[in-house]
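The primary structure of each chain is shown beneath.
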Amino acid sequence: MIEQRAIDVRLVSVWDGDMIADLYRAGGWWNEEWDPAGLRALIAGSFAFAVAIDPAAKKAVGMGRVISDGVSDAYIQDLVVLPGYRGRGIGTMILSTLLDHCKSAGVTWVALVAEPGTEAFYTPLGFRRMEGHTPMRWYPDER
């Protein structure tokens, strides 16, 4: 466990690609064939990109982003906190920062696809299961 210290969450338009790649690894979402330099476009192309920073360690310890047209709908993506920092409210701080940004832009239809077993994290923040809907993904090579 990492020593308890203040964490700063901020919206950014650019961040160190290697740090962000480490966060994607922590989430189990990184392919080692990818180039961290490509993350610059991912961050810049997001409607909002939040980074949780441990100033003492001088590194990003969590992140999350929103994909949206900025008018109607938004989707939370890639919310993750490094394992040693979990359980300290950092994920809630990141998600609240992203939701506040959406709300201030007038975007109040916000959805996400949660990992199994994480509903208890999202429900206190106002998320509910969308009954009658099924998340789907496109697999172009299986057509």
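The following paragraphs examine the structure supplied in this document. Predicted model only: the values in this text are computed from it and were never measured. (Residues numbered from 1 in each chain as written. Predicted model: local features only at pLDDT ≥ 70, side-chain atom pairs only at ≥ 80, totals over all residues. Heavy atoms only, no water.)

**Here we look at the overall build of the chain**
Helix and strand counts for the chain come out as four helices and five strands. In terms of C-alpha radius of gyration, the chain reaches 15 Å, essentially the compact-globule figure of 15 Å for 143 residues. Counting only C-alpha atoms, the chain reaches 45 × 35 × 30 Å along its principal axes. Relative to all contacts within the chain whose residues are 6 or more apart in sequence, the contacts with residues 24 or more apart total 60%. (Helix = DSSP H or I, 4+ residues; strand = E, 2+ residues; numbered from the N terminus. Rg over C-alpha atoms; globule rule 2.2 N^0.38 Å. Contact = heavy atoms within 4.5 Å.)

**Section: the pattern of salt bridges**
A side chain with one charge may pair with a side chain of the opposite charge, provided their charged atoms come close. The tally for this structure, following the rule as stated, stands at five salt bridges. Note that Glu-32 is salt-bridged to Arg-25, the shortest N-O span being 2.7 Å. Residue Glu-32 is classed as exposed on the basis of its relative accessible area, which comes to 54%. Of the residues examined, Arg-25 reaches a relative accessible area of 36% and is grouped as partly exposed. For Arg-129, the salt bridge is made with Glu-119, and the minimal N-O distance between the two is 2.4 Å. Taken together, the residues span a long stretch of sequence, with Arg-129 in the segment after helix H4 (119–122) and Glu-119 in helix H4 at a distance of 10 residues. For Arg-129, a relative accessible area of 57% corresponds to the exposed category. Note on Glu-119: relative accessible area 39%, which makes it partly exposed. (Salt bridge = Lys/Arg side-chain N within 4 Å of Asp/Glu carboxyl O. Buried < 20%, exposed > 50% of the residue type's maximum accessible area, 1.4 Å probe, protein only.)

**Description of the nonpolar core**
Counting 37 residues, the largest nonpolar core has Ile-20, Ile-76, Ile-90 and Ile-94 as its most contacted members. Only helix H1 (17–27), helix H2 (39–45), strand S2 (48–54), strand S3 (59–68), strand S4 (73–81) and helix H3 (90–104) provide two or more residues apiece to this core. Those residues in contact with Ile-20 that lie beyond four places of it in its chain are Trp-15, Leu-39, Ile-43, Phe-49, Val-51 and Met-63. (Core = buried A, V, L, I, M, F, W, Y, C linked by side-chain atoms within 4.5 Å.)

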